[in-house]
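Results of the structural survey
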Amino acid sequence: MISILLARQLAVLFLIMGCGFLLVKLHLVRSEESRTLSVITLYLIMPCVIINAFQIDYSREIRDGFLLALLAAVLIHVILFLLCRLLGKFLKFSSVEKASLIYSNAGNLIIPLVTAVLGEEWVIYASAFLCVQTIVLWTHGQSLMKESRGINWKKILSNINLIAIAAGILLFFTQLPLPSVLTDTIDTLSSTIGPVSMLVLGMLLAEVHWKEVFAGKRIYLIVFLKMAVFPGAVLVFLRFLSHAVPMAHAQTILLISLLAVITPSATTITQMAQLYDNHAPYASAINVLTTLVCILTMPLMVALYTL
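First, a word on what this report is: a plain description of the structure on this page. (Residues numbered from 1 in each chain as written. Predicted model: local features only at pLDDT ≥ 70, side-chain atom pairs only at ≥ 80, totals over all residues. Heavy atoms only, no water.)

A short note on the pattern of salt bridges
In total, this model carries four salt bridges according to the counting rule given. In this structure, the salt-bridge partner of Asp64 is Arg63, at a minimum N-O distance of 3.0 Å. Here the salt bridges share partners, and the residues they tie into one network are Arg30, Glu32 and Glu33. (Salt bridge = Lys/Arg side-chain N within 4 Å of Asp/Glu carboxyl O.)

Following this line, the structure appears as structure tokens:
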């Protein structure tokens, strides 16, 4: 049932993405104007979504569920690192391929999907994965794409999503009430996350050179690993963990962790590739192809998990 709901919601999001694509193709807007929407999403809508997720009554059940999601996120990244290291010995992954395999586009997709399929009360568990991935992405991921060592702590600590998560956790544990006008504003902005994110993606896809995307043979191997092999390994682990943890709603909480993993490659990796002059067209091609494939692979993975 959940996989059907997910497929339906993905179809809705992809139709919205198609609207963004058409706006550019009809020359009503330019692809580069999507940057404005990206800034609005990153610095306004996403923090509102995260803070809104923590605007619920405190309970031990929710606290324990959040800690479970946090632990699952850490262990998932360990599994992804190990798989990448093991397979990399034979397949000789480049830095772009490694980053694309490890980091997912959870920041743009997981929250609108969880909100639509499961409900707003479950977004708090998606925030746990985002917290872990954000830290790892701006430490290991950035070093990998720069092909140099070093951690940009300033970039991590100033990340607006991490600040929003910290603020949300503080509000959750202290149960400090926000003014009703402010909560209504946050809630209204939160509801726009899905449409705005997909409009941005559609506008970006309108400028993609499709022949370059489908030309290389190795990209299909990377996409297969990213959307089938790596998620499959995580799926097996999460199914085992869901049965091993004696907690109410453990299966659903871990399903949210799975949803975060089975999203396409992170758009941040493409941005980093451009910034550090590290095969940006290839990184963009992986992002585009995994985005196209996910409408089939995501419902399939969810169906296998819920069997």
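So, a nonpolar patch on the surface
Judged by side-chain polarity, Leu22, Leu23, Leu26 and Leu28 come together as a nonpolar surface patch covering roughly 390 Å² of accessible area. Here Leu28 lies in the loop between α1 (2-25) and α2 (34-53). Classification of Leu28 as exposed rests on a relative accessible area of 59%. (Patch = residues over 30% accessible without salt bridge, like charges linked within 9 Å, V, L, I, M, F, W, Y side chains within 5 Å. Areas by Shrake-Rupley, 256 points an atom, 1.4 Å probe, with all protein chains shown as cover. Helix = DSSP H or I, 4+ residues; strand = E, 2+ residues; numbered from the N terminus. Buried < 20%, exposed > 50% of the residue type's maximum accessible area, 1.4 Å probe, protein only.)

What about empty space enclosed by the protein?
On inspection of all chains with the given rule, the structure shows one cavity of 30 Å³ or more. One number sums up the size of the largest cavity: a volume of about 30 Å³. In this structure, the largest cavity is lined by Phe14, Asn105, Leu109, Met198, Leu201, Pro264, Thr291 and Cys294. Classifying every residue of the lining of the largest cavity gives six nonpolar, two polar and no charged. (1 Å grid on protein atoms, 1.4 Å probe; cavity = no way out; pocket = protein on both sides within 12 Å on 5 of 7 lines; lining within 4 Å. Points joined across faces, edges and corners; volume = space filled by probe spheres on them. Nonpolar A, V, L, I, M, F, W, Y, C, P; charged D, E, K, R; others polar.)

Focus: the layout of surface pockets
For the second largest pocket, the calculated volume is near 250 Å³. If you go around the second largest pocket, the residues you meet are Phe81, Leu82, Cys84, Arg85, Gly88, Lys89, Lys92, Phe93, Lys98, Ile102, His140 and Leu144. When residues of the lining of the second largest pocket are traced back to their parent elements, those giving at least two are α3 (60-91), α4 (95-102) and α6 (123-146). Per element, the largest residue contribution to the lining of the second largest pocket is six residues, and it comes from α3. Classifying every residue of the lining of the second largest pocket by side-chain character gives six nonpolar, two polar and four charged.

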